[in-house]
Amino acid sequence: MTTTLILGGARSGKSRRALALAEPFDRKILIATAQALDHEMKARIAAHRAERDATWQTIEEPLQLQDAIIEAGALHPSNTVIVVDCLTLWLSNLMHAGQPPDKETASLIQAAGNCTAELILISNELGLGLVPETELGRGFRDCQGRLNQSVAAVADTVEFVVAGIPMKLKP
């Protein structure tokens, strides 16, 4: 099957684009990486849930993303799409848990390559803004850039969404 990477800034329309691409599939699985750690994030998660109808199955997995992709694809191999929303929160979760991002990225890429379902990965493009003031912020931005580059290199399709408008970057 194919892998699509959808990049964009915050509130650019990435998730909406992924849902539109997923619409024709019989089985739709969303792997959510967000954690509802505060009221604002709970509200964001609720708003994203409201965008999806009852045909969607949701799997919440903040850390073991590669395992969730493999398991979801194995359970529903034909005419299935898996949407991962999003790699940026997954990376943040990894860093807070002290897990090595580069090693986990390699595992994610292997899982994507072995996935038997259509796979759509959503990620934020952070490299267009200001240089973060803190060492942690700069480290996160750099890890995010490496993650995006690694996934884009193996993805069949890469799109960049700006103001709700998708632009094809690859092929």
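To keep things clear, this report deals only with the structure shown in the data block. Here the structure is a predicted model, which is why all the values come from computation and not from measurement.

Some thoughts on the overall build of the chain
Next, step 1: Along the chain, the regular secondary structure elements total 6 helices and 7 strands.
Next, step 2: Taken against the 2.2 N^0.38 rule, which gives 16 Å for 171 residues, the C-alpha radius of gyration of the chain at 15 Å falls within 12% of a compact globule.
Next, step 3: Based on the C-alpha atoms only, the size of the chain along its principal axes is roughly 45 × 35 × 30 Å.
Next, step 4: Each of the 171 residues in the chain was classed as buried or not, and the buried ones make up 42%.
Next, step 5: Counted over contacts in the chain with a minimum sequence separation of 6, partners at least 24 positions apart contribute 77%.
Next, step 6: Of the roughly 9000 Å² of accessible surface on the chain, 56% is carried by carbon and sulfur atoms.
Next, step 7: Between the centroid of the 16 positive side chains of the chain and the centroid of its 20 negative side chains there is a distance of 3 Å.

What about the layout of surface pockets?
Next, step 1: The computed volume of the largest pocket comes to approximately 710 Å³.
Next, step 2: In this structure, the largest pocket is lined by 26 residues; those nearest its centre are Arg11, Ser15, Arg44, His48 and Asp85.
Next, step 3: Residue assignment for the lining of the largest pocket shows that the elements contributing at least two residues are helix H1 (14–22), strand S2 (27–32), helix H2 (39–51), strand S3 (56–60), helix H4 (87–96) and strand S5 (118–124).
Next, step 4: Looking at which element gives the most residues to the lining of the largest pocket, the answer is H2, with 7 residues.
Next, step 5: The residue inventory of the lining of the largest pocket, partitioned by class, reads 10 nonpolar, 7 polar and 9 charged.

Overview of empty space enclosed by the protein
Next, step 1: Throughout the structure, instances matching the rule amount to 1 cavity of 30 Å³ or more.
Next, step 2: Of the pockets and cavities examined, the largest cavity occupies roughly 40 Å³.
Next, step 3: As for the largest cavity, its lining consists of Ser15, Leu19, Leu30, His48, Glu51, Arg52, Val83, Asp85 and Ile122.
Next, step 4: If you list the elements that add at least two residues to the lining of the largest cavity, you get H1, H2 and strand S4 (80–85).
Next, step 5: Across the lining of the largest cavity, the residue classes tally to 4 nonpolar, 2 polar and 3 charged.

How each quantity is defined
Residues numbered from 1 in each chain as written. Predicted model: local features only at pLDDT ≥ 70, side-chain atom pairs only at ≥ 80, totals over all residues. Heavy atoms only, no water. Helix = DSSP H or I, 4+ residues; strand = E, 2+ residues; numbered from the N terminus. Rg over C-alpha atoms; globule rule 2.2 N^0.38 Å. Buried < 20%, exposed > 50% of the residue type's maximum accessible area, 1.4 Å probe, protein only. Contact = heavy atoms within 4.5 Å. Areas by Shrake-Rupley, 256 points an atom, 1.4 Å probe, with all protein chains shown as cover. Lys, Arg positive; Asp, Glu negative; His and termini not counted. Charge placed at Lys NZ, Arg CZ, Asp CG, Glu CD. 1 Å grid on protein atoms, 1.4 Å probe; cavity = no way out; pocket = protein on both sides within 12 Å on 5 of 7 lines; lining within 4 Å. Points joined across faces, edges and corners; volume = space filled by probe spheres on them. Nonpolar A, V, L, I, M, F, W, Y, C, P; charged D, E, K, R; others polar.

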